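What follows is each chain in one-letter form.
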Amino acid sequence: MAANGASCEQPQKRAGAKEKQNDALIRERRQKDKEERLSLVLWRRPVTTLHYFLQETLIKLKELTFKLWQRRGTVFLVLVLSSLFSIAYYTEGAHQEYVRYLEKKFLWCAYWVGLGILSSVGLGTGLHTFLLYLGPHIASVTLAAYECGTTDFPEPPYPDQIVCPEVEGLEGSISLFSIMSKVRLEACMWGAGTAIGELPPYFMARAARQSGADPDDEDYEEFEEMLEQAESAQDFVTRAKLGVQRMVQKVGFFGILACASIPNPLFDLAGITCGHFLVPFWTFFGATLIGKAIIKMHIQKLFVIITFSKHIVEQMVLLIGSVPKVGPSLQKPFSQYLEAQRNKLHHAGSSAPADENWLSWVFEKVVLVMVCYFVISIVNSMAQSYVKRLQQQRHSEEKTK
């Protein structure tokens, strides 16, 4: 009996060892494939990267066309509604006043929602539109409100350009809440855009869990590896990711709300977690929308308004000037910039001072560099996605041989 038991254990041990060896080979192959993909970037292999980017773009367009054809009833309904709106838009009548108003509001909201989506969806890296667009807009409104003594800026040119009204408000009549009310629409639309941008990881993980197929996404692969190594995780980043995953999984709606309500670079993991554990769509999206478009947005808005309040800005300029040796030289461009902004607010339609200092020049170049980096990251990401398709095709051909 003992001999029979020993003989049964030996094949089991061999099978276990073979399984471990296969797992190690699979991990090694995945690592090599990942290194091969990450090496494909514009600054190393520009021609190949652009070629693969175009190939992936064509595949995505083909997939989009196929999906639209599958939903041709919805597409037809949208086309009919668009035609009706076009007729109402171009037909003269008393309704044109309301049409123009709705058009202006719709385009303004769509602009900020689009910037929010760009900031969140990323395709490899997000365009930090809060720092580039929304933050400076809130800061401009704050500075103008304190300078003009009111938030009733003439429309037009607001919101394209901020100028003081002819009858200025009383100094000291501006409150924190009046400025928050002035920028609430654009801030909430931007927050709603960031919430919409969190949906792709959720849908990808949900579809993968329901179908049982491996998704074409590295973040999801890392998520599965993290779940497998949950007990042996030692480094801080992995423990933080596991903390987010456990909070979302155990607490549900309020866990998602807590993660979405604070600046959280790991929130993509919350979307993958919710999709993987089949959390209902409205539980995930509702908590994300409330957290990002209302709670987090008001925190960020409040921070910017307080930072750019008149007395704090003046104190900051004085503080810069007090720095030994380099202080006065740094204080001068800041003072010139603030003075130019004040002059611009009081020169509606006339020849406002047009000379720029190096501070505004640097900011413009920073915006340009970040936009270029965002575009390059999209090209690299799509080229790497096409390489992954080729790798998967190669591995499937090897299995069939």
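Residues numbered from 1 in each chain as written. Predicted model: local features only at pLDDT ≥ 70, side-chain atom pairs only at ≥ 80, totals over all residues. Heavy atoms only, no water.

A.B. asks: Help me understand the overall build of the chain, please; the structure alone is not making it clear to me.
C.D. replies: Of regular secondary structure, the chain possesses 16 helices and zero strands. Counting contacts in the chain only where the partners sit at least 6 residues apart, residues at least 24 apart contribute 70% of the total. Element-wise, carbon and sulfur atoms account for 64% of the exposed surface of the chain, whose accessible area totals about 25200 Å². (Helix = DSSP H or I, 4+ residues; strand = E, 2+ residues; numbered from the N terminus. Contact = heavy atoms within 4.5 Å. Areas by Shrake-Rupley, 256 points an atom, 1.4 Å probe, with all protein chains shown as cover.)

A.B. asks: I'm lost on the pattern of salt bridges in this one. Help?
C.D. replies: Side-chain pairs of opposite charge can arise where the charged atoms are in close proximity. Tallied over the full model, the rule gives five salt bridges. Linking K60 and E56 is a salt bridge whose minimum nitrogen-to-oxygen distance equals 3.9 Å. Of the two residues, K60 and E56 both sit in helix α2 (residues 46-70), four residues apart, roughly one turn of that helix. A salt bridge links E103 to R100; the nearest nitrogen and oxygen atoms lie 3.7 Å apart. (Salt bridge = Lys/Arg side-chain N within 4 Å of Asp/Glu carboxyl O.)

A.B. asks: I tried to follow the nonpolar core on my own but got confused; where do I start?
C.D. replies: Grouped burial of nonpolar side chains is what soluble globular proteins tend to show. Residues L134, V141, F153 and W190 are the most contacted members of the largest nonpolar core, which totals 24 residues. Secondary structure elements with two or more residues in this core: α4 (96-121), α5 (129-148), α6 (176-182), α7 (184-197) and α13 (281-307). At eight residues, the largest contribution of residues to this core is made by α5. When residues no more than four places from it in sequence are discounted, the contact partners of L134 are W112, T129, E186, A187, W190 and M297. Among the nonpolar cores identified, the runner-up in size contains 15 residues, and I256, C259, F267 and F284 belong to it. (Core = buried A, V, L, I, M, F, W, Y, C linked by side-chain atoms within 4.5 Å. Buried < 20%, exposed > 50% of the residue type's maximum accessible area, 1.4 Å probe, protein only.)

A.B. asks: Any chance you could explain the environment of K60 here in plain terms?
C.D. replies: What makes K60 partly exposed here is its relative accessible area of 39%. On a C-alpha basis, the gap between K60 and M382 in space is 9.7 Å, while along the polypeptide they are 322 residues apart. Filtering out sequence-adjacent residues up to four positions away, K60 remains in contact with M382 and R389.

A.B. asks: Please clarify how the environment of Q392 should be interpreted in this entry.
C.D. replies: Residue placement: Q392 occurs in helix α16 (residues 358-400). Along the primary structure Q392 and D33 are separated by 359 residues, whereas in three dimensions their C-alpha atoms are 9.6 Å apart.

A.B. asks: Would you take a moment to explain the packing of α5 against α13 for this structure?
C.D. replies: Any two packed helices are characterised by how steeply their axes cross, that is the angle between the axes, and by the distance between the axes. The geometry of α5 relative to α13 is characterised by a closest axis approach of 9 Å and an angle of 55° between their N-to-C directions. Overall, the two elements α5 and α13 adopt an arrangement that is oblique. In the packing of α5 onto α13, the handedness of the crossing is right-handed. Along the contact surface, α5 presents F130, L134, G135, I138, A139 and T142, while α13 presents M297, Q300, K301, V304 and I305. Within the contact of α5 with α13, the residues separate by chemical class into seven nonpolar, three polar and one charged. (Axes fitted to C-alpha atoms, helices over the stretch in contact; angles between N-to-C directions. Parallel < 35°, antiparallel > 145°, perpendicular 65-115°, else oblique. Left-handed = near helix turned anticlockwise from the far one by under 90°. Nonpolar A, V, L, I, M, F, W, Y, C, P; charged D, E, K, R; others polar.)

A.B. asks: What is the right way to look at the packing of α7 against α13 in this model?
C.D. replies: One can describe the packing of α7 onto α13 by two numbers: an axis separation of 8 Å at closest approach and a directional angle of 140°. Looking at the two axes, α7 sits oblique to α13. In this structure, α7 meets α13 at a crossing whose hand is right-handed. Residues R184, A187, C188, W190, G191, A192, T194, A195 and I196 of α7 form the contact with α13, whose own contacting residues are F285, T288, L289, K292, A293, M297, H298, Q300 and K301. Its residues assigned to classes, the contact of α7 with α13 comprises 10 nonpolar, five polar and three charged.

A.B. asks: Please explain the packing of aromatic side chains as it appears in this structure.
C.D. replies: Per the stated rule, a full pass over the model turns up 15 aromatic pairs. The interplanar angle of 10° and the centroid separation of 5.6 Å between the aromatic rings of F281 and F285 together place this pair among those described as stacked. Separated by four residues within a single helix, F281 and F285 lie in helix α13, roughly one turn from each other. Positioned above the aromatic ring of W69 is the side chain of R72, whose terminal nitrogen or guanidinium carbon lies 4.5 Å from the ring centre. For the cation-ring pair, R100 lies above Y89, with the distance from its terminal atom to the ring centre recorded as 4.7 Å. (Phe/Tyr/Trp six-rings, centres within 6.5 Å; stacked < 30°, edge-to-face > 60°. Lys NZ or Arg CZ within 6 Å of the ring centre and 35° of its normal.)

A.B. asks: Quick question: what am I supposed to make of the environment of H51 here?
C.D. replies: Mapped onto the elements of the fold, H51 is located in helix α2. On the accessibility criterion, H51 (42% relative accessible area) is partly exposed. With 335 residues separating them in the primary sequence, H51 and Y386 have C-alpha atoms 9.9 Å apart.

A.B. asks: I would appreciate a short explanation of the confidence of the model for the chain in the present structure.
C.D. replies: For any part of a model where pLDDT is low, the fine detail of the predicted coordinates should not be relied upon. Per-residue pLDDT for the chain averages 76, and the proportion of residues at 70 or more is 71%. Averaged pLDDT values over the elements of the chain bottom out at 59 in helix α9 (residues 218-228) and peak at 90 in α7. Of the regions scoring below 50 in pLDDT, residues 349-355 engages in four contacts with residues more than four places distant in sequence or in other chains. (pLDDT = per-residue confidence, 0-100.)

A.B. asks: Explanation requested: the side chain of K292 in the structure shown.
C.D. replies: Here K292 is to be found in helix α13. If sequence neighbours within four positions are ignored, K292 has contacts with G191, T194, A195, E198, A260, F267 and M297.

A.B. asks: Looking at this model, I keep getting lost on α5. Mind explaining?
C.D. replies: Quick reminder: α-helices carry 3.6 residues per turn. Residues three or four places apart thus point the same way. Here α5 is 20 residues long and its end C-alpha atoms lie 27 Å apart, about the 28 Å a rise of 1.5 Å per residue gives. One or two residues past the end of α5 sits G149, with phi positive at roughly 80°. (Expected span 1.5 Å × (residues − 1).)

A.B. asks: Please explain the side chain of H137 as it appears in this structure.
C.D. replies: Inspection of the secondary structure puts H137 in helix α5. Take H137: its relative accessible area is 11%, and that puts it in the buried class. Setting aside its immediate chain neighbours within four residues, H137 contacts W108, W112, Y158, V183 and E186.

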